[in-house]
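# Coordinates in review
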Amino acid sequence: MDSNARPNLIANTADNFSINVVNQMTDQRLELDTSIHWHGILQHRTAGSDGTAQVTQCPINPFNSFKYRFSTDGQAGTFWYHSHVGTQYCDGLQGGLIIRDPNDPYSKEDWVGKPGYYDVDDDSTIVTLRDWNHLPSWEAFDDLSGEPEPNSTLVNGRGRYVGADPDDVPLAVIGPVNSGKSYRLRIINMSCNSWFRVSLDNHTFTIIEADGVALSINNANREVDSFTIFPGERYSAVVKADQLPGNYWFRTNPFPDINGWSPEEQMRDPGLNNAIFRYESVPIEEPKPGQIPTLCPMDESKLKPLVPPAQSECDKADQEFFLPIVAINDQTEEERQNRSIPHYQLGNGSWIPPSLPVLLSVIRGEALPGNTYPIEFGKTIDVTFLNTEDDSSIEGAHPLHLHGHEFSVLQFRGYKTDCRNPPRRDTIAVYDGNVTVRFRTDNPGPWIFHCHIDWHLDQGMAAVFAESRYEMLYGNNSIVFPPGWESLCPIYEGDK
Ligand code: C2O
Ligand code: CU
């Protein structure tokens, strides 16, 4: 089953990764430097391969290359990779990263005495979702009078914009599927702005994975009609092909507006932003518009990992941070444009990428840049976020993503989750009340925690946790750098 327009990478959990990124960009309209981040990969002891420009490395200049080296440390599931320079991934530098584990509970084969726990016959489908601006991102994002609105959305690289001739643009097809079989769909939201409500007409989903974490099946994720997926998030949804063979809408309803069209308007014209779920040997055609199912949405605050945490998350943390999201509305257009005063603060400050990457400042023992928080090794850290903007509804949600760690979600929309086995993931949407996440400092490195709406990151919505300077440099957990890491950087003042 293949309908993937994106260059997806498929690997195995036992693999050692060595990925040479060669920068051949010459298009002057684009940002020319680059770096590639492996979204969701923890990078234990390999912070230098995290790929975050001005945090873990200097960018790769045109005609230069850099070989990222890391291993998964047992991780398996659905990940992705993307540029981490400016807003460059919005221009298309991105793809899926699937890590399989031959012994994992997803497969039909035995898994620790639980054969076929998830009952999946086919695990070959990747569904990438994203929004798309016709202008290069830096131009689209230059109009700071409001949020840049995408022109359209894409499923596996395909989609229509309002006014496009449908005959010119065939939609993505998922399938053909065989009656009676179960399919695992790995769904990745690679958007720069939009989140989606995903549903499949006449079918239900069982959600078995969130952000690379295998889930135990309960009422929150069994046979749901729809789920929301925010930028940076991934889910695996099992679909049983148990309906009358035919063509069905695989709906990916975007929020907020696209091209001036509200989510409701988008919904009425399914040809605009959806894909087709097709059974084997049925005529190739688009389904009728149909009804929108909204009966039983997934509750992301009740997604329980299949393997509960080794240590319960009910105790108090060693250190607590409160990082409210604050919009600054009184800077001038010029101050926004040149980022001297960005539009957003996360906590007491904004993230303005320093010229010296944080990791290099640490190595050299220099002062850390603004909105960077040193934390110690071996501690339990709680971070609480709150959206203080006027509109704190789900439409304006901020999906916050942490590098270097998965976290437990202890509070979601102001409500406590089950601290014995809370949701665990690497991206969480902040809206409508406090969100508290917890991680343990077992992975030295400078890790950015940022909104995955790229325009918000570009406007300062990020903080960096500088996790244990001592451990980064010395001892059992010290960082192993790939060859050539430091020579990506220009010679700085004082180096001579
Ligand atoms: Cu998808 Cu900073 O990452
Ligand atoms: Cu945001």
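In this report, the structure presented in the accompanying data block is examined. (Residues numbered from 1 in each chain as written. Chains lettered and ligands numbered in written order. Predicted model: local features only at pLDDT ≥ 70, side-chain atom pairs only at ≥ 80, totals over all residues.)

A few words on the sheet that holds strand S6 (residues 94–100). To summarise the sheet geometry, strands pair through backbone hydrogen bonds and adopt either a parallel or an antiparallel arrangement. Read from one edge to the other, the open sheet built from four strands follows the order S1-S6-S5-S3, with strand pairing classed as mixed. Lying at the two open borders of the sheet, with one neighbouring strand each, are strand S1 (9–12) and strand S3 (36–39). Geometrically, the sheet is characterised by an average inter-axis angle of 25 degrees between neighbouring strands, direction not taken into account. Relative to strand S5 (residues 77–83), S3 runs antiparallel, the two sharing four bridges. The residue bridging His 37 from the neighbouring strand is His 82, located in S5. (Pairing = 2+ DSSP bridges. Helix = DSSP H or I, 4+ residues; strand = E, 2+ residues; numbered from the N terminus. Axes fitted to C-alpha atoms, helices over the stretch in contact; angles between N-to-C directions.)

This part takes up the pairing of strand S27 (residues 435–440). Judged by how many residues are buried, S27 sits mostly within the fold: six of six residues are covered. Here S27 shows two buried faces, one formed by Val 435, Val 437 and Phe 439 and the other by Thr 436, Arg 438 and Arg 440. Bridge analysis of strand S21 (residues 380–387) against S27 gives six bridges, and the strand direction is antiparallel. Looking at the pairing, Phe 385 lines up with Val 435 of S27. Relative to S27, strand S23 (residues 407–412) runs antiparallel, the two sharing three bridges. From the neighbouring strand, Gln 411 faces S27, where its bridge partner is Thr 436. (Buried ≥ 20, exposed ≤ 12 C-beta atoms within 10 Å, placed from the backbone.)

Here we come to the sheet that holds strand S17 (residues 275–279). Read across the sheet, five strands follow the order S9-S17-S16-S11-S14 without closing on themselves; strand pairing throughout is mixed. Every interior strand has two partners, whereas the edge strands, strand S9 (173–177) and strand S14 (226–229), have only one. Averaged over all adjacent pairs, the angle separating strand axes in this sheet is 15 degrees, with direction ignored. In this structure, strand S11 (residues 195–200) lies alongside strand S16 (residues 247–255), joined through six bridges in antiparallel fashion. Residue Val 198 lies in a different strand from S16, and its bridge partner there is Thr 252.

Core analysis: the largest hydrophobic core is formed by 112 residues, its most contacted members being Ile 187, Ile 207, Ile 229, Val 430, Phe 449, Ala 462 and Val 464. The dominant element in this core, judged by the number of residues it contributes, is strand S29 (residues 462–467), at five residues. In contact with Ile 187, other than residues within four places in its own chain, are Val 127, Leu 129, Val 198, Ile 229, Arg 234, Tyr 235 and Ala 237. (Core = buried A, V, L, I, M, F, W, Y, C linked by C-beta atoms within 7 Å. Contact = placed C-beta atoms within 7 Å.)

Moving on to the pairing of strand S12 (residues 206–210). Summarising burial for S12: five of the five residues are buried, a large majority. In the sheet, S12 pairs with strand S15 (residues 234–240) via four bridges, with the strands oriented antiparallel. In the strand pairing of S15, Thr 206 is matched with Val 238. Looking at chain direction, S12 and strand S13 (residues 213–214) are connected through two bridges and run antiparallel. When the bridges of S13 are listed, Ala 210 appears paired with Val 213. The loop that links S12 with its antiparallel partner S13 comprises two residues; one of these, Asp 211, has a positive phi angle of about 50 degrees.

Before going further, it helps to spend a moment on the environment of Cys 451. In this fold, Cys 451 is placed in strand S28 (residues 445–451). Each residue touching Cys 451, except ones within four places of it in the same chain, is listed here: His 398, Pro 399, Leu 400, His 456, Leu 457, Met 461 and Ala 462.

Between Gly 175 and Pro 176 the backbone carries a cis peptide bond, its omega angle lying at 5 degrees. Among the structural elements, Pro 176 can be located in strand S9. Unlike most non-glycine residues, Asn 371 shows phi in positive territory, near 55 degrees. Among the structural elements, Asn 371 can be located in the loop between helix H4 (358–364) and strand S20 (372–375). By C-beta crowding, Asn 371 is classed as buried, having 20 other C-beta atoms within 10 Å. Backbone geometry at Ser 468 places phi at a positive 55 degrees, although glycine is not the residue there. Relative to the helices and strands, Ser 468 is located in the loop between S29 and helix H6 (469–473).

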